[in-house]
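Fold and geometry: a report
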Amino acid sequence: MAIGAGGDDVLVNRMVQQDKVPWYRKRNLRLLYLLMFPTCIGIEMTSGFDSSMMNGLQAVPTWDAFFNHPRSTILGLLSALYSLGSICSLPFVPLVTDRWGRRFAIAFGSVIMIIGAVLQTASQDFAMFVIARFLLGFGIPFAIVGASSMIGELAYPKERARIGSLFNASWFIGAIVAAGVTLGTFEMPTNWGWRIPSLLQVIPSLLQIVFIWFLPESPRWLVSKGRGEEAYAVLAKYHAEGDLNSEFVKLEYAEIEKTLELEKEQANRSSWRQLVASPGMRRRLLICSFLGLATQWSGNGLTSYFLARILDNVGIHDDRTKNLINLAMTCWGFVNATALALTVTKFRRRTMYLTCTISLTLIFTGWTIASARYEMTGSQAASRAVIAFIFLYSPAYNIGYNALTYTFLVELFPFHARAKGIAVFQWWGRAAGFFNQFVNPIGINNAGWKYYISYCVFLLFEVIFVWFLFPETSNRTLEELAFLFEGDKIRAEQQKRIEEDINNAPIPENASDKGSALYVEDRDI
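Since this is a predicted model, take the numbers as computed values, not measurements.

What follows concerns the overall build of the protein. For the protein, the helix and strand inventory stands at 25 helices and 0 strands. Per-residue burial for the protein yields a buried fraction of 60% across its 525 residues. Within the protein, contacts between residues at least 6 apart in sequence are counted, and of these 84% link residues at least 24 apart. Looking at the protein as shown, the accessible area adds up to about 19700 Å², and 63% of this sits on carbon and sulfur atoms.

Quick look at the structure:
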């Protein structure tokens, strides 16, 4: 069985493209995706719930009074502690994810977040609330890095981009729930007006802990740990509906096994220095660091955490109106993010990122001009224009930074560096988020619309960066992308080894053994 030597000609990728059977007609694959929803995809719901809840709580009078009307520096600190917690945990995230597996990392992070949410609900003073925010932030990177890696490594190749995009789009489900809850509780005369939203933040993490054990482990992680027969069983079960003799599964397994073998020869997998050890890895490091900054410094932090203060600046002071706008904007974000996630496979990655950055630059410039005009003239038309630009901002941001971020990161890094690469992305994103969440309320309070100019400048830089440095990664398997920047010689060696393995290797022993940890009884869902 010959395998082509070049990029898109690799046989496993051609077989994927020729597969015309949709996922919902494949029983085992349908089961896999349904289990992914409350576990992996539910993790982003936690982030969305937190952002929207903090937005909504600023318009809850009892919360505002309980914490002595936090503004400027204090408000920034309350929001930024979430990001600070994430920054502190990130050095440990790849260790847990690579050593004990993707499933363990998700469960570990979820337990920490439950503790944080309980403390936040029971907060008796400012210090207790701050500690709770820190713990929530400390736990989330374990779950996000583990889940984004698992989705990319476990999903059927043809649906990888779509499932990865839905992972990020689920942020809005949590955000909608939080916006709706704070809208329903903001008039409560007691502290339960803000304690109820805090308590509900426990639910997504509980779902993750319950459902994670029904999901199989990443087959690539299993192969890396010498558990090839279990990995083969997973691939056959979910990618070939249990057919152990599937030619596609044989190709996929051989590609994973030989690519990981070659990766191990090329890099010291246990060291962070691998991220700067070669020109290709340094380019990956630069791109993922940029993405971490761009996903936070594109203006989204303003609408995610400080919408109430932005609306104050354009003459909207009624708390009910603020909460209604927050809920409407979140629902709109969910609609367009989901639509973009479902169509992500129809467009090239660079095209979507360029569309995203150019649109954001134009929209944010209009937003800044409208805000300036309102401050100078008090024009109600300018106030309504700001709200319109905020709603236009949502699909412009989601087309790239929401729909593609984790999909692109999983494609960008080879397996041995994937958890570390996503952790670096998270570090830059959380650091940028911490800076923004601390500085944004100060900037909004002191500079008003002039503060937005800094975002316009950075958005223009994003367009230039994407144009010159982003590679194209669409329509390739993860193994084809493993040596994206390493040159033709190593890719030729990769294909040679895969071909030899396919021609000579039998099915791994015990792949269908019911005693395997990965064996799953057939269930019709």
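Two numbers describe how helix α2 (residues 27-57) lies on helix α18 (residues 319-342): the axes approach to 10 Å, and their chain directions differ by 160 degrees. Considered as vectors, α2 and α18 are oriented roughly antiparallel to each other. Between α2 and α18 lies a crossing of right-handed hand. Judged by residue contacts, Ser52, Asn55 and Gly56 of α2 engage Asn323, Asn326 and Thr330 from α18. By residue class, the composition of the contact of α2 with α18 is no nonpolar, 6 polar and no charged.

The subject of this paragraph is the pattern of salt bridges. Scanning the model with the defined rule gives 17 salt bridges in all. Across the pair Glu411 and Arg349 runs a salt bridge whose closest N-O atoms are separated by 2.6 Å. With Glu411 in helix α21 (residues 405-412) and Arg349 in helix α19 (residues 349-377), this pair connects stretches of sequence that are 62 residues apart. Pair check on accessibility: Glu411 and Arg349 agree, each one buried. A network of salt bridges, in which partner residues are shared, links Asp98, Arg102, Glu153, Arg418 and Lys420.

On to the environment of Ser148, then. Mapped onto the secondary structure, Ser148 falls in helix α7 (residues 126-154). Excluding its chain neighbours within four sequence positions, the residues that come into contact with Ser148 are Phe167, Tyr406, Val410 and Ile422. From its side chain, Ser148 meets the backbone oxygen of Ile144 in a polar contact 2.8 Å long. Only 3.3 Å separates the side chain of Ser148 from the backbone oxygen of Val145, close enough to count as a polar contact.

Counting 114 residues, the largest nonpolar core has Leu291, Phe364, Tyr401 and Phe470 as its most contacted members. The residue makeup of this core includes at least three contributed by each of domain 1 (1-214) and domain 2 (270-487). Sequence-distant contacts of Phe470, defined by excluding residues within four places in its chain, comprise Arg283, Ile287, Phe290, Leu291, Arg350, Tyr353, Phe408 and Phe465. Ranked by size, the runner-up nonpolar core spans 18 residues in total, among them Met53, Met54, Leu57 and Leu183.

According to the stated counting rule, one finds 4 cavities of 30 Å³ or more in the structure shown. A volume near 50 Å³ is recorded for the second largest cavity. Lining the second largest cavity, in full, are Ser148, Ile151, Gly152, Arg160, Gly164, Phe167, Tyr406, Thr407 and Val410. For the lining of the second largest cavity, the elements supplying multiple residues, two or more each, are α7, α8 (160-169) and α21. In terms of residue class, the lining of the second largest cavity is built from 4 nonpolar, 4 polar and 1 charged. The two domains that each donate at least three residues to the lining of the second largest cavity are domain 1 (1-214) and domain 2 (270-487).

What counts as what
Residues numbered from 1 in each chain as written. Predicted model: local features only at pLDDT ≥ 70, side-chain atom pairs only at ≥ 80, totals over all residues. Heavy atoms only, no water. Helix = DSSP H or I, 4+ residues; strand = E, 2+ residues; numbered from the N terminus. Buried < 20%, exposed > 50% of the residue type's maximum accessible area, 1.4 Å probe, protein only. Contact = heavy atoms within 4.5 Å. Areas by Shrake-Rupley, 256 points an atom, 1.4 Å probe, with all protein chains shown as cover. Axes fitted to C-alpha atoms, helices over the stretch in contact; angles between N-to-C directions. Parallel < 35°, antiparallel > 145°, perpendicular 65-115°, else oblique. Left-handed = near helix turned anticlockwise from the far one by under 90°. Nonpolar A, V, L, I, M, F, W, Y, C, P; charged D, E, K, R; others polar. Salt bridge = Lys/Arg side-chain N within 4 Å of Asp/Glu carboxyl O. Polar contact = N/O pair within 3.5 Å; in protein donor to acceptor, adjacent residues only side chain to side chain. Core = buried A, V, L, I, M, F, W, Y, C linked by side-chain atoms within 4.5 Å. Domains from an automatic or database assignment. 1 Å grid on protein atoms, 1.4 Å probe; cavity = no way out; pocket = protein on both sides within 12 Å on 5 of 7 lines; lining within 4 Å. Points joined across faces, edges and corners; volume = space filled by probe spheres on them.

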